[in-house]
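Summary of the model geometry
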Amino acid sequence: MQSTLFDQKNLEVQTTNRFALQNPQLLRVHLGGDVLATKGSMVAYQGSITFNHEGAGSVGKFMKKVLTSEDVPLMRVAGEGDVFFASEAGYVFLIDLQGDAISLNGRNLLAFDSNVTWDIRRTGGAGMMTGGLFNVFLRGQGTVAMHAVGQPVILDCSQQPTYVDVQACVAWSANLTPQVVNSMNMKSLLRGGSGEAFQYAFHGPGFVVVQPSEWTPVAGGGQGGGGLGGLFN
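Throughout what follows, the structure given in this document is the object of discussion. (Residues numbered from 1 in each chain as written. Predicted model: local features only at pLDDT ≥ 70, side-chain atom pairs only at ≥ 80, totals over all residues. Heavy atoms only, no water.)

1. Focus on the state of the cysteines
Counting across every chain of the model gives zero disulfides. Among the cysteines around Cys-157, which has no disulfide bond, Cys-169 carries the closest sulfur, lying 8.7 Å off. (Disulfide = S-S within 2.5 Å.)

Here it is as structure tokens:
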């Protein structure tokens, strides 16, 4: 049998790394300890693997998860073998945390080492009109895998104020504290608006990651691009 399908670039990646890119849109994790991943992100696995629902883990996180809906909960992946993860054919990027932290849109989260600590953070200024905007705050030692719809851009927020559509914002430096702002005046709002009502406003030393695509708001969740869905349900 002959086909370009069997080109070397499509064969399994042979590596000793725990987290590795099978290709730009597919993550391969060799289990040597548990990983947490978004439910529905597993596309294949080899070996003896178990997948179990991962709860909030604490009363504080439980109270925060009540504010979210139930579309993207976490699962704990354990066992021996290799697991392949992907979501929306998004481009996968690996972030190696070395005691530092990052704030990540829950819809862009793919998987991370189970020893990395996480929490749910509410974005300042996200009030009744936005329904509340939440991000995942990840800190510690280990690897975090995220995905972006299309090739993202990294913007430097230190030189001037930076505004990012909440549906296109992927992640930002943990030291930054964005505010949610409304760029529409009342006259524009009454006329139906521009579709660009709410943005994250960043200013300070750090970066923000922006994807060239806007997430569709979660139905019934009201959280927009920073909504976690049921990520920690």
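Let us keep going from here.
2. Considering the side chain of Arg-28
With respect to the helices and strands, Arg-28 occurs in strand β2 (residues 26-30). Looking at Arg-28, the relative accessible area reads 10%, which means it is buried. Engagement of the side chain of Arg-28 in a polar contact is seen with the side chain of Glu-12, the distance being 3.4 Å. Leave out the neighbours within four places in its chain, and Arg-28 touches Glu-12, Val-13, Arg-18, Phe-19, Ala-20, Gln-22, Gln-46, Asp-82, Val-83 and Phe-84. (Helix = DSSP H or I, 4+ residues; strand = E, 2+ residues; numbered from the N terminus. Buried < 20%, exposed > 50% of the residue type's maximum accessible area, 1.4 Å probe, protein only. Polar contact = N/O pair within 3.5 Å; in protein donor to acceptor, adjacent residues only side chain to side chain. Contact = heavy atoms within 4.5 Å.)

3. Considering the packing of aromatic side chains
All told, the structure shown has four aromatic pairs when counted by the stated rule. With 5.1 Å between their ring centres and 65° between their planes, Trp-172 and Tyr-200 make a pair best called edge-to-face. Residue Trp-172 is located in strand β12 (residues 169-173), and its partner Tyr-200 is located in strand β14 (residues 198-202); the two are separated by 28 residues in the primary sequence. Accessibility assignment for this pair places Trp-172 and Tyr-200 in one class, buried. A connected cluster of aromatic rings, assembled from ring pairs, spans Trp-172, Tyr-200 and Phe-202. Over the face of the ring belonging to Phe-137 we find Arg-121, whose NZ or CZ atom lies 3.8 Å from the ring centre. (Phe/Tyr/Trp six-rings, centres within 6.5 Å; stacked < 30°, edge-to-face > 60°. Lys NZ or Arg CZ within 6 Å of the ring centre and 35° of its normal.)

4. Things to note about the nonpolar core
Counting residues in each nonpolar core, the largest one holds 20 residues, and the members touching the most others are Leu-97, Leu-104, Phe-112, Trp-118, Leu-138, Val-144 and Val-170. Mapped by element, the contributors of at least two residues to this core are β6 (91-104), β7 (109-113), β8 (117-122), β9 (134-148) and β12. Per-element accounting of this core gives the leading share, six residues, to β9. Beyond its immediate chain neighbours, meaning those up to four positions away, Leu-97 contacts Ile-102, Val-116, Leu-138, Arg-139, Gly-140, Gln-141, Gly-142 and Val-144. By size, the runner-up hydrophobic cluster in this structure holds 15 residues, among which are Val-77, Val-92, Ala-111 and Ala-145. (Core = buried A, V, L, I, M, F, W, Y, C linked by side-chain atoms within 4.5 Å.)

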